[in-house]
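Chain and residue survey
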Amino acid sequence: MPIKIFAAVIAVALMLSFLSPVVLKLKDVALGVIILIGIVMMLIDLWQSLQSKED
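The structure contained in this document is the topic of the report that follows. (Residues numbered from 1 in each chain as written. Predicted model: local features only at pLDDT ≥ 70, side-chain atom pairs only at ≥ 80, totals over all residues. Heavy atoms only, no water.)

**Things to note about the overall build of the chain**
What the chain contains, in helices and strands, is two helices and zero strands. The C-alpha radius of gyration computed for the chain amounts to 13 Å, which surpasses the reference 10 Å derived for 55 residues by more than 25%, pointing to a less compact arrangement than a globule. Projected onto its principal axes, the C-alpha coordinates of the chain cover approximately 45 × 15 × 10 Å. As presented, the chain carries roughly 4,700 Å² of accessible surface, and 77% of it is formed by carbon and sulfur atoms. On the chain, the mean spot of the 4 positive side-chain charges and the mean spot of the 4 negative ones are 10 Å from each other. (Helix = DSSP H or I, 4+ residues; strand = E, 2+ residues; numbered from the N terminus. Rg over C-alpha atoms; globule rule 2.2 N^0.38 Å. Areas by Shrake-Rupley, 256 points an atom, 1.4 Å probe, with all protein chains shown as cover. Lys, Arg positive; Asp, Glu negative; His and termini not counted. Charge placed at Lys NZ, Arg CZ, Asp CG, Glu CD.)

**Some thoughts on unusual backbone geometry**
The phi torsion at Lys 27 lies on the positive side, around 55°, for a residue other than glycine. With respect to the secondary-structure elements, Lys 27 resides in the loop between helix H1 (2-26) and helix H2 (29-51).

**Thoughts on the packing of H1 against H2**
One way to put it is that H1 packs onto H2 with a least axis distance of 10 Å and a crossing angle of 175°. One finds that H1 runs roughly antiparallel with respect to H2. Of H2, the residues touching H1 (which contributes Lys 4, Ile 5, Ala 8, Ala 11, Val 12, Met 15, Leu 16, Leu 19, Val 22, Val 23 and Leu 26) are Leu 31, Gly 32, Ile 35, Gly 38, Ile 39, Met 42, Leu 43, Leu 46, Ser 49 and Leu 50. Residues belonging to the contact of H1 with H2 are distributed by class as follows: 17 nonpolar, three polar and one charged. (Axes fitted to C-alpha atoms, helices over the stretch in contact; angles between N-to-C directions. Parallel < 35°, antiparallel > 145°, perpendicular 65-115°, else oblique. Contact = heavy atoms within 4.5 Å. Nonpolar A, V, L, I, M, F, W, Y, C, P; charged D, E, K, R; others polar.)

Nothing here speaks to function; it is geometry throughout.
In structure tokens, the structure reads:
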């Protein structure tokens, strides 16, 4: 389980570091909201995968 958490933290950090310069450069609120929704969906999926039993 610690590997899943570590991988998820790395994935979120990479996604933020990849997409945040675009949002900051364009100053587009709608794009920022869509990216935020994607990050929230990623975190919800992580939470659900951590709560499920290991196969």
